[in-house]
Amino acid sequence: MDSTLRQTLKADLYRYRGKADRRSFFSAYLHDPGFRFTYYLRKVAYYSRKKRSLGIFPYLYYRIRYHRYRFKYGFDISPTTSIGRGLYIGHFGGVVISPYAVLGSNINIAQGVTIGAASRGPRTGAPTLEDRVWVGANAIIVGKVTIGSEALIAPGAYVNFDVPPKAVVLGNPGTVVSDAGSAGYVNNTMD
């Protein structure tokens, strides 16, 4: 296993358990659906790039496991989505992220979140979330927008505009209501 993949998985694990040892891995794997899904998502992404050198069988194994948990937990996140280290999916169910979205490091995603691409209009494209962004339950982020570092998207918010760093967005349509950001919401980060 590649050291980059190992470090990414350790950062993901640390988000769930505050530790990155073997015991924490087994605990998170058994008890945290978000971690279990993310583990297979990362493995599929890695082995899809290494099929030629490592063979097709590891890729197929991880792809089958990925699909199983994708449907079981309701996470529609493509292995081709660019996702930084330390992804945290708090609750399972109804998470949809565009394969063209870009997520930075230490992102928190709650249940019912949609991070989708727009196919027409001035914001055609997919969102970019910078580091340490917290996205609450049932929030929708759509179109070619940038969510600044340490921003907080409140539960139920609809965001189709650029959000400055450390902003708090609330409501539908979304409105920036504060500059307190995600401090205290994004915990257990390795960097």
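The structure this text deals with has already been given above.
Residues numbered from 1 in each chain as written. Predicted model: local features only at pLDDT ≥ 70, side-chain atom pairs only at ≥ 80, totals over all residues. Heavy atoms only, no water.

Draft legend 1. Fine view of helix α5 (residues 56–73). Given a rise of 1.5 Å per residue, 18 residues ought to cover 26 Å, and the 26 Å separating the end C-alpha atoms of α5 matches this to within 8%. Within the sequence span of α5, burial applies to Tyr-59, Tyr-62, Tyr-66, Tyr-69 and Tyr-73. Viewed end-on, α5 has its buried residues packed into an arc of 105°, placing them on one side of the element. The exposed residues of α5 that point more than 90 degrees off its buried face are Phe-57, Ile-64 and Phe-71. Of the surrounding elements, those touching the buried residues of α5 are α2 (22–31), α3 (33–49), α4 (51–54) and β1 (75–77). Looking one or two residues past α5, Gly-74 carries a phi angle of roughly 75°, positive in sign. (Helix = DSSP H or I, 4+ residues; strand = E, 2+ residues; numbered from the N terminus. Expected span 1.5 Å × (residues − 1). Buried < 20%, exposed > 50% of the residue type's maximum accessible area, 1.4 Å probe, protein only. Arc of directions from axis to C-beta. Contact = heavy atoms within 4.5 Å.)

Draft legend 2. Structural view of the sheet that holds strand β10 (residues 140–142). Pairing within the open sheet is parallel, and its five strands lie in the order β1-β4-β7-β10-β13. Bordering the open sheet on either side are β1 and β13 (158–159), each of which pairs with just one other strand. Where β1 meets strand β4 (residues 95–97), three bridges bridge the pair, whose relative direction is parallel. Within β4, the residue paired with Ile-77 across the bridge is Ile-97. (Pairing = 2+ DSSP bridges.)

Draft legend 3. Spotlight on the environment of Val-135. Turning to its location among the elements, Val-135 is positioned in strand β9 (residues 134–135). Through-space distance from the C-alpha of Val-135 to that of Ile-107 is 7.9 Å; in sequence the pair is 28 residues apart.

Draft legend 4. Here's a closer look at helix α1 (residues 3–17). The terminal C-alpha atoms of α1, which comprises 15 residues, lie 21 Å apart, in line with the 21 Å expected from a rise of 1.5 Å per residue. In this fold, the buried residues of α1 make contact with α2, α3, β3 (88–89) and β6 (108–109). One side-chain oxygen of the residue at the start of α1 lies 2.8 Å from the amide nitrogen of Thr-4, identifying that residue as Asp-2. In the stretch just after α1, Gly-18 is the one whose phi turns positive, near 75°. (Polar contact = N/O pair within 3.5 Å; in protein donor to acceptor, adjacent residues only side chain to side chain.)

Draft legend 5. Molecular detail of the packing of aromatic side chains. One pass over the full model with this rule turns up 21 aromatic pairs. Judged by centre distance (5.7 Å) and plane angle (85°), the rings of Phe-25 and Phe-35 are edge-to-face. Here the residue Phe-25 occupies a position in helix α2, and Phe-35 occupies one in helix α3, the gap between them amounting to 10 residues. Residue Phe-25 is classed as partly exposed on the basis of its relative accessible area, which comes to 21%. Its relative accessible area of 1% is what places Phe-35 among the buried residues. Taking the centre distance of 5.0 Å and the plane angle of 55° together, the rings of Phe-37 and Phe-75 count as tilted. Of the two residues, Phe-37 is situated in helix α3 and Phe-75 in strand β1; the sequence distance between them amounts to 38 residues. Judged by relative accessible area, Phe-37 falls into the buried class, the value being 0%. Over the ring of Tyr-29 we find Arg-36, and its NZ or CZ is 5.2 Å from the ring centre. (Phe/Tyr/Trp six-rings, centres within 6.5 Å; stacked < 30°, edge-to-face > 60°. Lys NZ or Arg CZ within 6 Å of the ring centre and 35° of its normal.)

Draft legend 6. Looking closely at the packing of α2 against α3. Orientation of α2 relative to α3, taken along the N-to-C sense of each, is 105°, at an axis distance of 5 Å. Comparing their axes, α3 and α2 come out roughly perpendicular. The residues of α3 that touch α2, namely those facing Phe-25, Ala-28, Tyr-29, Leu-30 and His-31, are Pro-33, Phe-35, Arg-36, Tyr-39 and Tyr-40. Classifying every residue of the contact of α2 with α3 by side-chain character gives eight nonpolar, one polar and one charged. (Axes fitted to C-alpha atoms, helices over the stretch in contact; angles between N-to-C directions. Parallel < 35°, antiparallel > 145°, perpendicular 65-115°, else oblique. Nonpolar A, V, L, I, M, F, W, Y, C, P; charged D, E, K, R; others polar.)

Draft legend 7. Expanded view of the nonpolar core. Within the largest apolar cluster, 47 residues are counted, with the highest numbers of intra-cluster contacts made by Ile-77, Val-135, Ile-141, Ile-147 and Ile-153. Contributing elements (two or more residues each) for this core: α1, α2, α3, α5, β1 and β4. Broken down by element, the residue count for this core peaks at eight residues, all from α3. Residue contacts for Ile-141: discarding those within four places in its chain leaves Thr-114, Ile-115, Gly-116, Pro-127, Leu-129, Val-135, Ile-147, Ile-153 and Val-159. Core analysis: the next-biggest nonpolar cluster, separate from the first, contains five residues, Trp-134, Leu-152, Ala-154 and Val-186 among them. (Core = buried A, V, L, I, M, F, W, Y, C linked by side-chain atoms within 4.5 Å.)

Such coordinate-based values are descriptive only and should not be taken to indicate function.
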